[in-house]
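Now for the letters of each chain:
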Amino acid sequence: MNQLENKQPLFTTSGMVPDRAVLSFAALAIVALLAILWTPRGWALSTDREQNIDIEADSAEQDDVKGLAIYKGDVVITQGTLKITGDHVTIHYDGNGDFTKMVTLGNPAHFDQLPDGQADIAANYQRAKASRMEYFKATDTIVLLGNAIYGQGGDKVAADRIDYDSRNGRMK
């Protein structure tokens, strides 16, 4: 397993906190794809995909044999208005290096994003949090597990499990 414990940035698309380990270019490419695919169509600000991707973590590991990239310790992924935070993020990819799944763990893990057509004020952001968030590329589905909450403004849905089908804009 290739482990990055260096506290100096290895790669960045904009200014970053200098005492955090940052992903290698190859790992960043995987996460760039992840951030684009993680963004549910119903939740996404379309211009977010055109923005730089910044990833911060205390450590990063990549295992090409197992098809995993693992980021630990105050993980923050941002792209435009998209922000994903957690204690531990694992990205799964297949033998071709194509992203298949992302799992974010936290106490709780968070997802925030401003949808298209909304003024950039806190009440307009769509937010989700859960102990565990899973995104499945093949089905474009997000599963929030453990104390899950999804909402925008004053509207919220809370359950132990929330499944969001972003292709069809359906939640169950």
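Above this text you will find the structure in question.
All values derive from a computational prediction rather than experimental measurement.

What counts, and where the lines are drawn
- Residues numbered from 1 in each chain as written.
- Predicted model: local features only at pLDDT ≥ 70, side-chain atom pairs only at ≥ 80, totals over all residues.
- Heavy atoms only, no water.
- Pairing = 2+ DSSP bridges.
- Helix = DSSP H or I, 4+ residues; strand = E, 2+ residues; numbered from the N terminus.
- Polar contact = N/O pair within 3.5 Å; in protein donor to acceptor, adjacent residues only side chain to side chain.
- Contact = heavy atoms within 4.5 Å.
- 1 Å grid on protein atoms, 1.4 Å probe; cavity = no way out; pocket = protein on both sides within 12 Å on 5 of 7 lines; lining within 4 Å.
- Points joined across faces, edges and corners; volume = space filled by probe spheres on them.
- Nonpolar A, V, L, I, M, F, W, Y, C, P; charged D, E, K, R; others polar.
- Salt bridge = Lys/Arg side-chain N within 4 Å of Asp/Glu carboxyl O.
- Buried < 20%, exposed > 50% of the residue type's maximum accessible area, 1.4 Å probe, protein only.

Trainee: For this particular structure, what's the right way to read the pairing of strand 9 (residues 155-165)?
Mentor: Every regular strand shows the same layout, with side chains that alternate between the two sheet faces. Pairing of strand 8 (residues 141-152) with strand 9 involves 10 bridges; the strand directions are antiparallel. Its bridge partner being in strand 9, Ile142 is matched across the sheet by Tyr164. Hairpin geometry of strand 8 and strand 9 is characterised by an intervening segment of 2 residues between the two adjacent antiparallel strands and by a positive phi of about 60° at Gly153. For strand 9 and strand 10 (residues 170-171), the ladder comprises 2 bridges, and the chain directions are antiparallel. When the sheet's bridge partners are listed, Asp165 is paired in strand 10 with Arg170. Turn length for the strand 9-strand 10 hairpin, with the two strands adjacent in sequence and antiparallel, is 4 residues, and the turn residue Gly169 shows positive phi of about 65°.

Trainee: Quick question: what am I supposed to make of the side chain of Thr90 here?
Mentor: Locating Thr90 in the fold gives a position in strand 5 (residues 82-93). Here His88 takes part through its side chain, which lies 3.5 Å from a polar atom of the side chain of Thr90. If we skip the residues at most four places from it in the chain, Thr90 touches Leu68, Ala69, Ile70, Lys101, Met102 and Val103.

Trainee: How do you make sense of the layout of surface pockets when you look at a structure like this?
Mentor: Space left empty within the atom packing is revealed by a probe, the size of a water molecule, rolled over the atoms. Here the largest pocket defines a volume of roughly 160 Å³. Along the walls of the largest pocket sit 14 residues, with Arg127, Ala128, Ile149, Gly151 and Lys156 positioned nearest its centre. Residue assignment for the lining of the largest pocket shows that the elements contributing at least two residues are strand 6 (99-113), strand 7 (126-136) and strand 8. Top element by residues in the lining of the largest pocket is strand 8. It accounts for 4 residues. Looking at side-chain class alone, the lining of the largest pocket contains 6 nonpolar, 4 polar and 4 charged residues.

Trainee: What is the right way to read the pattern of salt bridges from this model?
Mentor: Pairing between side chains of opposite charge can happen when the charged atoms of each approach one another. Applying the stated criterion across every chain, the model contains 4 salt bridges. Among the salt bridges present, the one from Lys72 reaches Glu61, with a minimum N-O distance of 3.6 Å. Linking Lys72 in strand 4 (residues 68-79) with Glu61 in strand 3 (residues 59-63), this pair joins segments that are 11 residues apart in sequence. Judged by relative accessible area, Glu61 falls into the buried class, the value being 11%. Residues Glu134 and Arg132 are paired through a salt bridge, measuring 2.4 Å at the closest nitrogen-oxygen approach. For Glu134, a relative accessible area of 11% gives the class buried.

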